[in-house]
Amino acid sequence: MAKDKSVKELEDLPGIGPTMAEKLRNSGYATLEKVATASPYELSELLGISAENAKKAVDAAKEATNIEVQTGTDALEKRKAIGRISTGAPGFDELLGGGVETNGITEVYGRFASGKTQIGFQLAVNVQKPVGKGGLDGSVLFLDTEGTFRPERIEAIAKAQGMDAKKVLDNIYLSRVTSTDQQILTAERADKLVREKGIKLIIVDSLMALFRSEFIGRGALNERQQKLNAHIHKLQRLADMYSLAVYITNQVMDNPGMLFGDPTTPVGGNVVAHAATTRLYIRKSKEEKRIIRLVDSPSMPEGETVVKITPDGIKD
Ligand code: GTP
Ligand code: MG
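No experiment lies behind these values; they were computed from the predicted model shown. Counting restarts for each chain, with residues numbered from 1 along the sequence as it is written. Whichever chain is written first is A, and whichever ligand is written first is 1; the rest continue in order. At least 70 in pLDDT is required for a residue's local features to be given in this predicted model, at least 80 for side-chain atom pairs to be given and counted, and no such filter applies to totals for whole chains, interfaces and linings, which use all residues. Note that the side-chain values use all heavy atoms of the structure and ignore hydrogens as well as water.

J.: Can you walk me through the packing of helix H10 (residues 180-188) against helix H13 (residues 221-241) in this structure?
T.: To characterise two packed helices, one gives the angle between the axes of the helices and the distance between these axes. Every axis in this analysis is a line fitted to C-alpha atoms, fitted for helices over the stretch in contact. Angles between the N-to-C directions lie between 0 and 180 degrees. In this text, helices come from DSSP runs of H or I with a minimum length of four residues, and strands from runs of E with a minimum of two, each type numbered from the N-terminal end. Two numbers describe how H10 lies on H13: the axes approach to 9 Å, and their chain directions differ by 25°. Looking at the two axes, H10 sits roughly parallel to H13. Considering only the axes of H10 and H13, their crossing is left-handed. Between H10, through Asp 181, Gln 183, Ile 184, Ala 187 and Glu 188, and H13, the contact on the second element is made entirely by Lys 227, His 231, Lys 234, Leu 235 and Leu 238. For this classification, under 35 degrees means roughly parallel, over 145 means roughly antiparallel, 65 to 115 means roughly perpendicular, and everything else is oblique. The handedness criterion is simple: a crossing whose near helix is rotated anticlockwise from the far helix by less than a right angle is left-handed, and one whose near helix is rotated clockwise is right-handed. Every residue pair with non-hydrogen atoms within 4.5 Å of one another is taken to be in contact.

As structure tokens, then:
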């Protein structure tokens, strides 16, 4: 098909008037390129139009934009631009190839009290450090689904690094969500906050707790997975659009089909498995020691490291 020369801005897309174009811009779809890479499903949710019409708009945006082929060298340059948040533990950073990446979702799963939330606290502090000092000079959006956010822990971790604890707390935007609808909407509406507050890290602690408690039984599984899928895609889009890191914690269950080895399996099924760019499994060892295993990563080999959860935060 020939390139559609008449589509130059959002308003030129079929079915998109000035109001919808404004809505798109406010939600981070500021350019035709962004619309071209959007999923029709999300667009239909956002604009309140049918998926079919949303697809027409997306297709027209694709037609109108030059999706250029890039060389491997270009791709390498882009990879170099990816930011990293230090975990505070050199061995852990090394396992991750330098720290928790922006433009992707990093998932940590493990049993209760394994340290998933503590890692989140550490990252919420570290991301505020300057670029080049382990941080991204950014602030944090913290979705707390379990009521386990502890400002005094943040204070302790910040002070241990000689940071101004009040400033650090001021840069954490906490959203205590108690239903999946709230959880989904908070992410849906995060664009403005992300832009205005310079959010460089979004934490969802935990991703699945509310989904698990609200959607019970086999009959609800389909709906749960659909909503979950849309939610995670929104998180991924935020990560891409604003070059930020997304850190999610996840619960586990025992896989009854596993006869040998560790039956511990993250919940959320394929939807979560496919969406998480980097997956980590954390488990308790002696006392304050924790074993962290890199289970899945696009660029790093599988491996393990040991960290300690200390009063001052995560250490090697
Ligand atoms: P769930 O949310 O229950 O699934 O667990 P989680 O994996 O999020 O565990 P969390 O990160 O809350 O870790 C809890 C563990 O961290 C505790 O059992 C302690 O071992 C450790 N911990 C929590 N607070 C402190 C603290 O102030 N000092 C030290 N040294 N350890 C702490
Ligand atoms: Mg927790």
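J.: Sorry, what's going on with the layout of surface pockets here?
T.: Summary: where empty space remains is shown by rolling a probe the size of a single water molecule over the atoms. A 1.4 Å probe that fits into a set of points on a 1 Å grid over the protein atoms alone but cannot get out defines a cavity; an open set with protein on both sides within 12 Å along at least five of seven lines defines a pocket, and lining residues are those with an atom within 4 Å of a point. Grid points are joined across faces, edges and corners, and a volume is the space filled by probe spheres set on the points. What the largest pocket holds in volume is close to 460 Å³. For the largest pocket, the lining is made up of 17 residues, of which Lys 34, Lys 78, Asn 103, Asp 240 and Met 241 are closest to its centre. Elements supplying a minimum of two residues to the lining of the largest pocket: helix H2 (32-36), helix H5 (72-80) and H13. Side-chain classes are defined by residue name, with Ala, Val, Leu, Ile, Met, Phe, Trp, Tyr, Cys and Pro counting as nonpolar, Asp, Glu, Lys and Arg as charged, and the others, Gly among them, as polar. For the lining of the largest pocket, the class distribution of residues is five nonpolar, five polar and seven charged. The residue makeup of the lining of the largest pocket includes at least three contributed by each of domain 1 (10-63) and domain 2 (81-315). The calculated volume of the second largest pocket comes to roughly 370 Å³. Together, 15 residues line the second largest pocket, and Glu 45, Leu 46, Leu 185, Glu 188 and Arg 189 are the ones closest to its centre. Secondary structure elements with two or more residues in the lining of the second largest pocket: helix H1 (18-26), helix H3 (40-47), H10, helix H11 (190-197) and H13. Per element, the largest residue contribution to the lining of the second largest pocket is four residues, and it comes from H10. Domain borders in the structure are assigned automatically or taken from a domain database.

J.: Would you mind going over the site of ligand 1 with me for this structure?
T.: One heavy atom suffices: a residue is near a molecule or strand as soon as one of its heavy atoms comes within 4 Å of it. Every one of the 14 residues lining ligand 1 counts as a neighbour, but Ala 113, Gly 115, Lys 116, Thr 117 and Gln 118 are closest to it. Whenever two N or O atoms come within 3.5 Å, that pair is a polar contact, provided that in protein one can donate a hydrogen and the other can accept it, and provided that, for residues adjacent in sequence, both atoms are side-chain atoms. Measuring from an oxygen atom of ligand 1, one finds a side-chain N or O atom of Thr 117 at 2.7 Å. The side chain of Arg 153 places a nitrogen or oxygen atom 3.1 Å from an oxygen atom of ligand 1. Listed by contribution, the elements that provide at least two residues to the shell around ligand 1 are helix H7 (116-126) and strand S12 (303-310). Per-element tally for the shell around ligand 1: the top contributor is H7, with three residues. Considered class by class, the residues forming the shell around ligand 1 number four nonpolar, five polar and five charged.

J.: Before we go on, may I ask you to explain the side chain of Arg 153 in this structure?
T.: Positionally, Arg 153 belongs in helix H8 (residues 151-160). To sort residues, take the accessible area from a 1.4 Å probe on protein chains only and compare it with the maximum for the residue type: under 20% means buried, over 50% means exposed, and anything in between is partly exposed. As used throughout, the charge tally considers Lys and Arg to be positive and Asp and Glu to be negative, leaving His and the chain termini uncounted. We define a salt bridge as a side-chain nitrogen of Lys or Arg found within 4 Å of a carboxyl oxygen belonging to Asp or Glu. Lacking a salt bridge, the buried Arg 153 has Asp 312 as its closest oppositely charged neighbour, with an N-O distance of 6.7 Å. Side chain to side chain, Arg 153 and Gln 118 meet in a polar contact 2.9 Å long. Once you skip the residues sitting within four places of it in the chain, Arg 153 turns out to touch Gln 118, Phe 121, Thr 310, Pro 311 and Gly 313.

J.: Would you mind showing me how to read the domain arrangement of the chain here?
T.: One widely used convention gives an interface's size as the accessible area the parts lose upon coming together. Along its sequence, the chain is organised into domain 1 (10-63) and domain 2 (81-315). Computed from C-alpha atoms alone, the centre-to-centre distance between domain 1 and domain 2 is 30 Å. Every contact between the two is made by eight residues of domain 1 and, on the other side, eight residues of domain 2. For the pairing of domain 1 and domain 2, the buried interface totals around 680 Å² over both sides, and the portion due to carbon and sulfur atoms is 47%. Joining two parts hides part of their accessible area as seen by a 1.4 Å probe, and the buried area is that hidden amount summed over both.

J.: What am I meant to see in the nonpolar core here?
T.: Side chains that are nonpolar tend, in soluble globular proteins, to be buried together. The biggest cluster of nonpolar side chains holds 50 residues, and the ones touching the most others in it are Leu 13, Leu 24, Leu 43, Ile 202, Leu 207 and Leu 235. Structurally, this core is a two-domain feature, drawing no fewer than three residues from each of domain 1 (10-63) and domain 2 (81-315). If you look at the next biggest cluster of nonpolar residues, it comprises 35 residues, including Val 127, Ile 154, Leu 280 and Ile 309. What makes a nonpolar core is a set of buried Ala, Val, Leu, Ile, Met, Phe, Trp, Tyr and Cys residues whose side-chain atoms join them at distances within 4.5 Å.

J.: For this particular structure, what's the right way to read empty space enclosed by the protein?
T.: Under the criterion given, the structure shown has two cavities of 30 Å³ or more. What the largest cavity holds in volume is close to 70 Å³. Along its surface, the largest cavity is lined by Arg 84, Leu 96, Gly 99, Val 100, Glu 101, Thr 106, Thr 278, Ser 297, Pro 298, Ser 299 and Met 300. Here the residues of the lining of the largest cavity sort into four nonpolar, five polar and two charged. Its volume calculated, the second largest cavity comes out at about 40 Å³. Together, Tyr 41, Glu 42, Glu 45, Leu 46, Glu 188 and Ala 230 line the second largest cavity. When residues in the lining of the second largest cavity are grouped by element, the largest group, four residues, is from H3. Each residue belonging to the lining of the second largest cavity can be placed in one class, and the counts come to three nonpolar, no polar and three charged.

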